[in-house]
Amino acid sequence: MEVSLQLQRPLRYKAVLSHRTDCFKINSLPFARTVLFTPSRNECLAGRVSHRVTASAADFSKRRRRRLSSGSSPKGFTPKTQAGTSDKKRDQKNNDDEEEDSSTPASRESAEPKKMEIESKAEEELTIELSQKNKIDEGEKEEPKEDVTSSGKELAVAKSNLNAENGSVSKFVEDVVGLQKKEVILENDTVSTSRDITSEGKQFDGTITDDIVTEGKQLGGTIIEYTVAKGKHFDGTIADDTVTKGKHLDGRKTDDNDIVKDESVKPDEKVVEDVSEKLKLEMEENLRKQEIEVLAEENFLKGNKIFVYPPIVRPDEDIEVFFNRTLSPLNDEPDILIMGAFNSWRWRSFTIRLNKTHLKADWWSCQIHVPKEAYKMDFVFFNGQNLYDNNDKKDFCITVEGGMDEFAFEDFLLEEKRRELEKLAKEQEEKERQEEEQRRIEAEKAANEADRAQAKVEAQKRREILEQLMKNAARSVDNIWFIEPNEFKGADKVKLYYNKTSGPLAYANELWIHGGHNNWSDGLTIVEKLVRSEREGGDWWYAEVVIPDRALVLNWVFADGPPKVATIYDNNNRQDFHAIVLKNIPEELFWVEEEHQMFRKLQEERKLREEAIRAKAEKTARLKAEMKERTLKRFLLSQKHIVYTEPLDVHAGSTVTVCYNPANTVLNGKQEVWFRCSFNRWTHRMGPLPPQRMLPADNSSHVKAIVKVPLDAYMMDFVFSEREDGGTFDNKDGMDYHIPVLGGIVKEPPMHIVHIAVEMAPIAKVGGLGDVVTSLSRAVQDLNHNVNIIFPKYDCLKLNHVKDLHYQRSFFWGDTEVKVWFGKVESISVYFLEPQNGIVWKGCVYGCNNDAERFGFFCHAALEFLHQGGLQPDIIHCHDWSSAPVAWLFKDHYMHYGLSKTRVVFTIHNLEFGAHFIAKAMQYADKATTVSHTYAKEVAGNPAVAPNLHKFHGILNGIDLDIWDPYNDNFLPIPYTSENVVEGKQAAKEALQQRLGLKKSDLPVVGIISRLTQQKGIHLIKHAIWRTLERNGQVVLLGSAPDPRIQNDFVNLANQLHSTHGDRARLVLTYDEPLSHLIYAGADFILVPSIFEPCGLTQLTAMRYGSIPVVRKTGGLYDTVFDVDHDKARAEAQGLEPNGFNFDGADSAGVDYALNRAISAWYDGRDWFHSLCKRVMEQDWSWNRPALDYMELYHAAKKY
């Protein structure tokens, strides 16, 4: 009988087998333990597997009903003796099988090398012909219904008719003989077979069935499996348990007699999966070896030193690198190593030893994992020492396909760096927190010890005082006072009697006792009113008093009223009254407790002080941060009439729109505007971006361009041009446009700035130059740049302001030894030069007849110090005529001899002095500045400046917020900010009036703080004094004149005013630092009527303290004071609001115009005036903005 079975099912094996078309015919001997596989030439059907099942010499027309034998068969089935088969031989064979299967796998494997040929005579022969074509993909494994038992088990089933129709099986073999499992190795001359494993659970296509006789034969690299289905159709559909569960394969239920049960059959899925996986891996490995052999042969013939497998390298996979030693300089080396990294040697470096391979020729290899971030792999080979093969100095390189590109990797690195910086920042923050906590604990411990020591000292002092009082104390004084009862202790209630007629209270209407204890240690603790007593022998009064609990001595006085009301006292002739209190506890215990109470009190007081200091420091920091933020916003808005960004704050990684108004620039009227941009001061790794034509913005004269800001940007740089290829440029007069970028992972690298100056506050201050040198240095240092000052070591220095001053070294310039000292002034590093020729030892800064020679020597020595010390600052900043020689000495003697990277910036503070030196410095400096925009315009025509206007800029000075801070000013009665400016200034005004002897009244106060020189407009100052008095105001002047004639003139004026208007005018003709602070805070107005003023700090300090400036329109006064009536638009252009009163001209009419409006505003609108005081306090006139402007100038100088 022959039955054909056609099955169509999904392909289950990998594509690597798609080229195999081998077909196999499987001959199965029903009672043998081996299945023979022979090649078949049948053509495979496309897309399906065809199975042909043939049975002969068997009768399938009848179904034989058999039940499970109750004999000794072990959980299996006893097969019926087949015709033509010897029972004896069969039994002997089964016994042999049982013995073999009972042994260990190792023993079985050792016995398997024998070649076996198995023959069997059978009445039935089952032949399965298997064909396959195309690819066989690995599929999902179906769970087996049952698992045939291991060796020694037999399975008997009843015969069943088999009918295959339309690709399905309606009936299966009714009677299948028992099969025993055994692994047999076929002869070597048979087909290529890896091994024969009897197992269960695989279909021919790799899916799992219930019964699998053999698991894996490999013929020509193809895995086939021989299965006997028990519960599944060959087409993959699930059949009922035909043999064991009493159902036919077509789903029809059989009779009970047809059911054969075997409870011992258990599934062993893991074995099936493990074996299947192992076979697949072996198959893949063999295929891999074949492909590698082909690649090795091809590359060797081409003369290639290297190749990789797989040939296409993809990210996040393992590759094997092959290296031919014969073709390399390393051909005689016993050790070969590969050293490499990914992405141009920037990611994941590695060094791995190579191993000799089985390939023909001298191929060595190693495995490398390609990370997911890789876009290429760079490597060289070496011998582990100093002999390399680096591909003729070009290195080896392999491209990684399908992953990141170079730009994506750059973004990835930046993001990695950002995360790393965040992690480091958190770690640093935690470290600082722990260190701070440790410092706090140590400080608390030290403070507690100090408090305990102080408590012990105070307790001892108090004890000595009380012991002395107790010696002098009495229980009563005849005819003056006594206490009932005469002996009492703490907490007792007593009556204290007083004879009114015995002292100064004889005529008082009321009598009161003001008392305390223990020498008033706790202040006033007893206050009682006395009542008249009926006691005779005097005018006796008494009060009931509760003795304080811890009192040793009672202290009191009598008065004619309660505290703060009484005017007459009886205090026992200033000795007070004292009475002894009996002790409640032992004396030593009392003083131990007293010391502890003192300790606790000291602790509480200290903690309150510390908390107040901490809260004040936090508020100060917050106010400074808020002001800094407002200043940055003002800085960004200051050029809004030309350029601004949306959003205003530019953040790294964001996209911003740059808006530009060419109407206000040199590009006005141009048909096109092109935007040219880069980052990080034009040094960004991506270089300048391609020029971008700007498009019209909506509803405005602006044009716009859109820019993506990289993650590693800290500054956005741009200029504008009329054409793509250039033409006319708007580059902000050579400074370029720059906008800071927030949140970047890269911070701006610090610059190194060295100031060379002859004035510095507070160690050698003469004028505003000293303030600028110190304050500018601090502000730039706060921007994370490195700042040093080189300064003469005068013999008049205020060394108490220098910290850690120490001698560092000496050097020679010419024939003079110059000693170098180092110290910190206001947290700035200062190098003090002390020439041993004594040229700076004159007891003063200025005033010698050889000042030019002195400062010239110092300037040369300063440059020599930099040169010999090997210092290479980015910027040397020199100031005014006194250090102007630095500019030309540097260019003539040092720029080409060791200081080539340095650039020189020169600042004019006052052109009235040393114009010749200033002119020469202007010529040699790379950039030059003066201290305000208006002053720069005023001196632009000066012969010392005019030839070099192209490098001349005006930058306002600022004030030091730490020195001038009403919230932390110890010279003021109460600290104040803009939040309580009215209360703070009122208290300061009262303190000022009291100190100077002025009338304490609610009048407008005009303050004048100035050097009395012609430049400061002394004739206008005199007029303003009289005008203020005429308007019923008060006036205070603080200042002195270097010219004796002017000084005498003001002395006479002071005498006149003090005699005629002593309650409303006071002139203090000297320098008084504390008084200057009090005037700034207590005055309502500060007058600055200078004839010319390069910058001026007085009006800035006044606004810091909430005083309103009244100034003449000149220099920096015009740049900083915006008239409340006339300058609203000008103020808005600077991002400000009007803040004072100003006037033109230099005559009395001009002063009157501004001063009259100011005083009238004070009288007529007090609320408005107070709001103006609050407004000016919130404006930032510190070095926050000037420091940013100077940094822009420094960077511009570096481009030269």
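Position numbers for residues count from 1 along each chain, tracking the sequence in the order it is written. Predicted model: local features are reported for residues with pLDDT of at least 70 only, side-chain atom pairs are reported and counted for 80 or more only, and whole-chain, interface and lining totals are derived from all residues. Here the side-chain values reflect all heavy atoms present in the structure, with hydrogen atoms and water set aside.

- Per an unreviewed UniProt entry, the protein carries the name starch synthase and comes from Hibiscus trionum.
- In its Sequence similarities (unreviewed entry) section, the UniProt record describing the protein reads: "Belongs to the glycosyltransferase 1 family. Bacterial/plant glycogen synthase subfamily." UniProt positions are given in the numbering used here, feature names are shortened, and annotations may be inferred rather than shown by experiment.

1. Focus: the sheet that holds strand 44 (residues 875–879)
Okay, so step 1: Strand order in the open sheet formed by nine strands is 41-42-43-40-39-44-45-46-47, with mixed pairing between adjacent strands. In this open sheet, the two edge strands, each paired with only one partner strand, are strand 41 (803–813) and strand 47 (952–954). Each strand of the sheet is rotated relative to its neighbour by a mean of 25°, with strand direction disregarded.
Okay, so step 2: Relative to strand 46 (residues 927–930), strand 45 (residues 903–908) is paired through four bridges, and the arrangement is parallel. Looking across to strand 46, one finds that Ile908 is bridged to Thr930. Strands are labelled as partners when DSSP assigns at least two bridges between them. For the purposes of this entry, the term helix denotes a DSSP run of H or I that reaches at least four residues, the term strand denotes a run of E that reaches at least two, and both are numbered from the N terminus. Only the stretch in contact is used when fitting a helix axis, every axis being a line fitted to C-alpha atoms; angles between N-to-C directions are given from 0 to 180 degrees.

2. A closer look at the sheet that holds strand 24 (residues 531–532)
Okay, so step 1: On the basis of which strands lie adjacent, the open sheet formed by five strands has the order 19-20-21-25-24 and antiparallel pairing. The sheet is open, and its two edges are formed by strand 19 (476–477) and strand 24, each paired on a single side.
Okay, so step 2: For strand 24 and strand 25 (residues 540–546), the ladder comprises two bridges, and the chain directions are antiparallel. The partner of Arg532 across the bridge, within strand 25, is Trp541.

3. Remarks on the pattern of salt bridges
Okay, so step 1: We count a salt bridge whenever a side-chain nitrogen from Lys or Arg sits within 4 Å of a carboxyl oxygen from Asp or Glu. Taken as a whole and assessed by the stated rule, the structure comprises 68 salt bridges.
Okay, so step 2: A salt bridge links Arg550 to Glu593; the nearest nitrogen and oxygen atoms lie 2.8 Å apart. With a gap of 43 residues between them, Arg550 in the loop between strand 25 and strand 26 (553–559) and Glu593 in helix 5 (residues 587–637) connect regions that are remote in the sequence.
Okay, so step 3: Only protein chains enter the calculation, and the probe is 1.4 Å; a residue is then buried if its accessible area is under 20% of its type maximum, exposed if over 50%, and partly exposed in between. Of the residues examined, Arg550 reaches a relative accessible area of 18% and is grouped as buried.
Okay, so step 4: Look at Glu593 and you get partly exposed, because its relative accessible area is 30%.
Okay, so step 5: One salt-bridge network, held together by shared partners, links Glu415, Glu416, Arg418, Arg419 and Glu422.

4. Here's the deal with the packing of helix 4 (residues 406–472) against helix 5
Okay, so step 1: Packing of helix 4 against helix 5 brings their axes to within 8 Å, and their N-to-C directions diverge by 135°. Taken together, the axes of helix 4 and helix 5 are oblique relative to one another. Of the two possible hands of crossing, helix 4 and helix 5 adopt the one that is right-handed.
Okay, so step 2: Partitioning the contact of helix 4 with helix 5 into residue classes produces eight nonpolar, three polar and 14 charged. For classification, angles of less than 35 degrees are called roughly parallel, those exceeding 145 degrees roughly antiparallel, those between 65 and 115 degrees roughly perpendicular, and all remaining angles oblique. Helix crossings get a hand from a simple test, with the near helix turned counterclockwise from the far one by less than a right angle marking a left-handed crossing and a clockwise turn marking a right-handed one. Classes in brief: Ala, Val, Leu, Ile, Met, Phe, Trp, Tyr, Cys and Pro nonpolar; Asp, Glu, Lys and Arg charged; the others, Gly included, polar.

5. Regarding the nonpolar core
Okay, so step 1: The set of buried Ala, Val, Leu, Ile, Met, Phe, Trp, Tyr and Cys residues whose side-chain atoms join them within 4.5 Å is what this entry labels a nonpolar core. Ranked by internal contacts, the top residues of the largest apolar core, which has 77 residues, are Leu1012, Ile1025, Leu1037, Phe1050, Leu1067, Phe1085 and Phe1141.
Okay, so step 2: Looking at this core, the element that brings in the most residues is helix 19 (residues 1148–1164), giving seven residues.
Okay, so step 3: Contact between two residues is taken to exist if any of their heavy atoms lie within 4.5 Å; hydrogens are not considered. For Phe1085, the residues in contact, after removing those within four places along its chain, are Pro1004, Val1005, Val1006, Gly1007, Ile1108, Val1110, Phe1141, Ala1158, Ile1159, Trp1162 and Phe1169.
Okay, so step 4: Among the nonpolar cores identified, the runner-up in size contains 64 residues, and Val773, Leu833, Phe857 and Phe952 belong to it.

6. Considerations on helix 12 (residues 981–996)
Okay, so step 1: Taking 1.5 Å as the rise per residue, helix 12 with 16 residues should run 22 Å; its terminal C-alpha atoms sit 22 Å apart, in good agreement.
Okay, so step 2: Of the positions making up helix 12, those classed as buried are Val981, Gly984, Lys985, Ala987, Ala988, Lys989, Leu992, Gln993 and Leu996.
Okay, so step 3: Contacts from the buried residues of helix 12 go to strand 48 (1005–1009), strand 49 (1034–1038), strand 50 (1065–1068), helix 15 (1073–1082), helix 19 and helix 20 (1166–1178).
Okay, so step 4: Downstream of helix 12 by a residue or two, Gly997 has a phi angle that is positive, lying close to 75°. Expected helix span is computed as 1.5 Å times (number of residues minus one).

7. A closer look at the confidence of the model for the protein
Okay, so step 1: As a per-residue quantity, pLDDT reports the predictor's confidence and falls between 0 and 100. Averaged over every residue, the pLDDT of the protein is 81; residues scoring 70 or more account for 78%.
Okay, so step 2: Contacts for the low-pLDDT stretch residues 1–265, under 50 throughout, to residues beyond four places or in other chains number 544 contacts.

8. Overview of the packing of aromatic side chains
For any pair of aromatic rings, geometry is given as the distance between the ring centres together with the angle between the planes.
Okay, so step 1: For Phe, Tyr and Trp, rings pair up if their centres lie within 6.5 Å, where Trp contributes its six-membered ring, and each pair is then called stacked (planes under 30 degrees apart), edge-to-face (over 60) or tilted (otherwise). Counted according to the given criterion, the structure contains 44 aromatic pairs.
Okay, so step 2: Arranged with centres 5.1 Å apart and planes meeting at 85°, the rings of Phe590 and Trp591 form a pair that is edge-to-face.
Okay, so step 3: The exposure class assigned to Trp591 is buried, which follows from its relative accessible area of 6%.
Okay, so step 4: Consider the rings of Phe718 and Phe720, whose centres lie 5.7 Å apart with planes at 70°: the pair is edge-to-face.
Okay, so step 5: Assessed through its relative accessible area of 0%, Phe718 is described here as buried.

9. Notes on the packing of helix 5 against helix 21 (residues 1184–1198)
Okay, so step 1: For the pair helix 5 and helix 21, interaxial distance at closest approach is 9 Å and the crossing angle is 50°. As the angle between them shows, helix 5 and helix 21 are arranged oblique. Handedness of the helix 5/helix 21 crossing: right-handed. The segment helix 5 lies against helix 21, with Met627, Lys628, Thr631, Arg634 and Phe635 engaging Asn1184, Arg1185, Leu1188 and Asp1189.
Okay, so step 2: Along the lines of polarity and charge, the residues of the contact of helix 5 with helix 21 split into three nonpolar, two polar and four charged.

10. What about helix 21?
Okay, so step 1: Between its terminal C-alpha atoms helix 21 stretches 22 Å, which fits the 21 Å expected from 15 residues at 1.5 Å a residue.
Okay, so step 2: In terms of burial, helix 21 is largely enclosed, as 13 of its 15 residues are buried.

11. With respect to the pairing of strand 49
The side chains of a regular strand alternate between both faces of the sheet.
Okay, so step 1: The buried count for strand 49 comes to five of five residues, which makes it a mostly enclosed element.
Okay, so step 2: Here strand 49 shows no split at all, with Gln1034, Val1036 and Leu1038 on one side and Val1035 and Leu1037 on the other all buried.
Okay, so step 3: Bridge analysis of strand 48 against strand 49 gives five bridges, and the strand direction is parallel. Bridge pairing in strand 49 links Gly1007 to Val1036.
Okay, so step 4: Place the viewer so that the strands point away; then a crossover is right-handed whenever the path from the first strand over the helix to the second strand goes clockwise. Handedness of the crossover joining strand 48 and strand 49 through helix 13 (residues 1018–1030): right-handed.
Okay, so step 5: Across four bridges, the pairing between strand 49 and strand 50 is parallel. Note that in strand 50 the partner of Leu1037 across the bridge is Leu1067.
Okay, so step 6: This β-α-β element, strand 49 to helix 14 (residues 1044–1060) to strand 50, shows right-handed connectivity.

12. Considerations on the environment of Phe599
Okay, so step 1: Relative to the helices and strands, Phe599 is located in helix 5.
Okay, so step 2: Classification of Phe599 as buried rests on a relative accessible area of 5%.
Okay, so step 3: A sequence separation of 149 residues divides Phe599 from Ala450, and the C-alpha atoms of the two residues are 9.5 Å apart.
Okay, so step 4: Not counting residues up to four positions away in its chain, the partners in contact with Phe599 are Asn448, Asp451, Arg452 and Ala455.

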